[in-house]
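Here is what each chain is made of, one letter per residue.
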Amino acid sequence: MAQENILLTVAGVRATYNHAITALDGVSFSLARGEILALLGANGAGKTTALKAVSNLLPAERGQIVSGSIRFDELDVTRISPANLVRAGLVQVLEGRHCFRSLTVEENLVSGGLGRSSSRAEIAEDLEKIYTYFPRLKEKRRALSGLTSGGEQQMTAIARALMSRPRLLVLDEPSMGLAPIIVQNIFRTLRRLNREEGLSILVAEQNSAVALNYADRATILENGVAVLSGKARELRERDDIKSFYLGKKAAAPINPALAS
Ligand SMILES: Nc1ncnc2c1ncn2[C@@H]1O[C@H](COP(=O)(O)OP(=O)(O)OP(=O)(O)O)[C@@H](O)[C@H]1O
């Protein structure tokens, strides 16, 4: 991958919580401009920690990056507040479909654009564009978010993040708790945003099957270690991935030393 084409570089990151629990142990991966990269792994593998490291959200959870580096374009993310990272074009949708439940869908979306000094006209223009990707949200725009379905709340959380006009969208388990058809719908929309708007996407998923269908490349984490990276279509065909991550045969992790 040509150096100038790289948008995000995570290099040898070791991260701990409370200076005690090691959640990431020398993790490296990179994401090219215009790419969808999936971070895969079981419960507790370190996916959320990796995403929070990228968005500089670890300090808020008593988490520390002990060594290694993370660069978004030319920026050292550890030196920039999460709010300024959003202004720089890196926005994260946290796990669990966070919406303002007592605001309408449209008010939620508008709140995502407020960090930018944008005019009403610009906000209206962005809303219309986002509604072309999420027509369901247009139908529901006057509904209170707390009264919409889980899938609609996840769409609202993603659409709100898009209102900040990111270059890199970071998503933590967008499939969690949603019916397969809704998950497909969300991933198809993410793919369209990637293809049509050039949006780069870093997505952590336990649902490896769907993530490997829509991502360009993937990195697999096991117990805080990145054990494998490669093109999604090649990973989908590997027997060890099929068995442990796609549930097609008897299970064993990629790195047998990590089996316990
Ligand atoms: N705030 C925290 N304080 C202490 N330890 C934490 C904290 N958050 C995560 N951990 C620990 O760090 C390790 C990695 O957790 P992380 O949440 O990053 O994994 P994950 O792959 O995202 O899992 P999940 O799919 O369950 O979210 C686990 O051992 C977890 O218990």
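These figures come from a predicted structure and were not determined experimentally.

> So what about the site of the ligand? Which residues, and what values?
Not every one of the 13 residues close to the ligand is listed here, only the nearest: Tyr17, Ala23, Lys47, Thr48 and Thr49. Take the shell around the ligand: its biggest share by element is 3 residues, from helix α1 (residues 47-54). The residue inventory of the shell around the ligand, partitioned by class, reads 4 nonpolar, 7 polar and 2 charged.

> I'd love a proper account of the environment of Val13, names of residues and values included.
Mapped onto the elements of the fold, Val13 is located in strand β1 (residues 6-17). Measuring from C-alpha to C-alpha, the distance between Val13 and Arg120 comes to 41 Å, with 107 residues separating the pair along the chain. Every residue in contact with Val13, bar those within four places of it in the chain, is listed here: Leu24, Val27, Ala53, Ile65, Gly68 and Ile70.

> Lay out the sheet that holds β1 in plain terms, naming residues and giving numbers.
Spatial ordering of the open sheet is given by β2-β1-β4-β5, a layout of 4 strands whose pairing is antiparallel. At either margin of the open sheet sits one strand with a lone partner, and together these are β2 (21-32) and β5 (75-76). Bridging between β1 and strand β4 (residues 63-72) involves 8 bridges; their strand directions are antiparallel. Counted as the bridge partner of Ala15 is Ile65 from β4.

> Can you tell me about the nonpolar core, naming the residues and giving the values?
Ala38, Val54, Ala159, Val170, Leu202, Val203 and Ala218 are the most contacted members of the largest nonpolar core, which totals 66 residues. The biggest single contributor to this core is helix α6 (residues 150-162), with 6 residues. Not counting residues up to four positions away in its chain, the partners in contact with Leu202 are Leu8, Leu31, Leu37, Leu39, Leu51, Val54, Leu168 and Val170.

> So what about helix α3 (residues 105-113)? Which residues, and what values?
Helical geometry: 3.6 residues make up each α-helical turn, so side chains three or four residues apart lie on a common side. Here α3 has its buried residues at Val105, Asn108, Leu109 and Gly112. The arc that holds the buried residues of α3, viewed along the axis, is 95°, so those residues lie on one side.

> How would you explain the packing of α3 against α6 if you had to name every residue and give the values?
Direction vectors running N to C along α3 and α6 enclose 35°, while the axes themselves pass 7 Å from each other. The element α3 and its partner α6 pack so that their crossing is right-handed. The residues of α6 that touch α3, namely those facing Val105, Asn108, Leu109, Ser111 and Gly112, are Thr156, Ala159, Arg160 and Ala161. Looking at the contact of α3 with α6, its residues break down into 4 nonpolar, 4 polar and 1 charged.

> Tell me what's going on with the pairing of strand β6 (residues 90-93), and back it up with residues and numbers.
Neither face of β6 is open: one carries Leu90 and Gln92, the other Val91 and Val93, and all of them are buried. Relative to strand β7 (residues 168-172), β6 runs parallel, the two being bridged by 4 bridges. Within β7, the position partnered with Leu90 by the bridge is Leu168.

> Give a detailed account of the environment of Leu85, specifying residues and quantitative values.
Summarising the element assignment, Leu85 is placed in helix α2 (residues 82-88). Spatially, the C-alpha atoms of Leu85 and Glu139 are 31 Å apart, while their sequence positions differ by 54 residues. Sequence-distant contacts of Leu85, defined by excluding residues within four places in its chain, comprise Ser55, Asn56, Phe72, Val77, Ile80 and Leu90.

> I'd like to hear about the sheet that holds strand β10 (residues 225-231), residue by residue, with values.
Taken together, 6 strands build an open sheet; the order of strands is β6-β7-β8-β3-β9-β10 and the sheet is mixed. In the strand order of this sheet, the two ends are held by β6 and β10, each with one partner. This sheet shows a mean twist of 15° between the axes of neighbouring strands, independent of strand direction.

> Which residues make up α6, and what values go with them?
For α6, spanning 13 residues, the distance from its first C-alpha to its last is 18 Å, which sits close to the expected 18 Å at 1.5 Å a residue. Of all 13 residues that make up α6, 11 are buried, and the element is covered over most of its length. All of the buried residues along α6 are Glu152, Gln153, Gln154, Met155, Thr156, Ala157, Ile158, Ala159, Arg160, Ala161 and Leu162. Buried residues along α6 sit against β6, α3, α4 (120-133), α5 (135-139), β7 and α7 (180-197).

> Would you mind going over unusual backbone geometry in detail, with residue names and values included?
For His19, which is not a glycine, the phi torsion comes out positive at approximately 55°. Tracing the sequence through the fold places His19 in the loop between β1 and β2. Since 9 C-beta atoms lie within 10 Å of it, His19 is described here as exposed. Backbone geometry places Asn223, a non-glycine residue, at a positive phi of 45°.

> Which residues make up the environment of Glu35, and what are the values?
Relative to the assigned elements, Glu35 resides in the loop between β2 and β3 (36-40). Since 20 C-beta atoms lie within 10 Å of it, Glu35 is described here as buried. Separated by 203 residues in the primary sequence, Glu35 and Arg238 have C-alpha atoms spaced 22 Å apart. Leaving out residues up to four positions away in the same chain, Glu35 has contacts with Ser200, Asp216 and Arg217.

About the thresholds
Residues numbered from 1 in each chain as written. Predicted model: local features only at pLDDT ≥ 70, side-chain atom pairs only at ≥ 80, totals over all residues. Near = placed C-beta within 6 Å. Helix = DSSP H or I, 4+ residues; strand = E, 2+ residues; numbered from the N terminus. Nonpolar A, V, L, I, M, F, W, Y, C, P; charged D, E, K, R; others polar. Contact = placed C-beta atoms within 7 Å. Pairing = 2+ DSSP bridges. Core = buried A, V, L, I, M, F, W, Y, C linked by C-beta atoms within 7 Å. Buried ≥ 20, exposed ≤ 12 C-beta atoms within 10 Å, placed from the backbone. Arc of directions from axis to C-beta. Axes fitted to C-alpha atoms, helices over the stretch in contact; angles between N-to-C directions. Left-handed = near helix turned anticlockwise from the far one by under 90°. Expected span 1.5 Å × (residues − 1).

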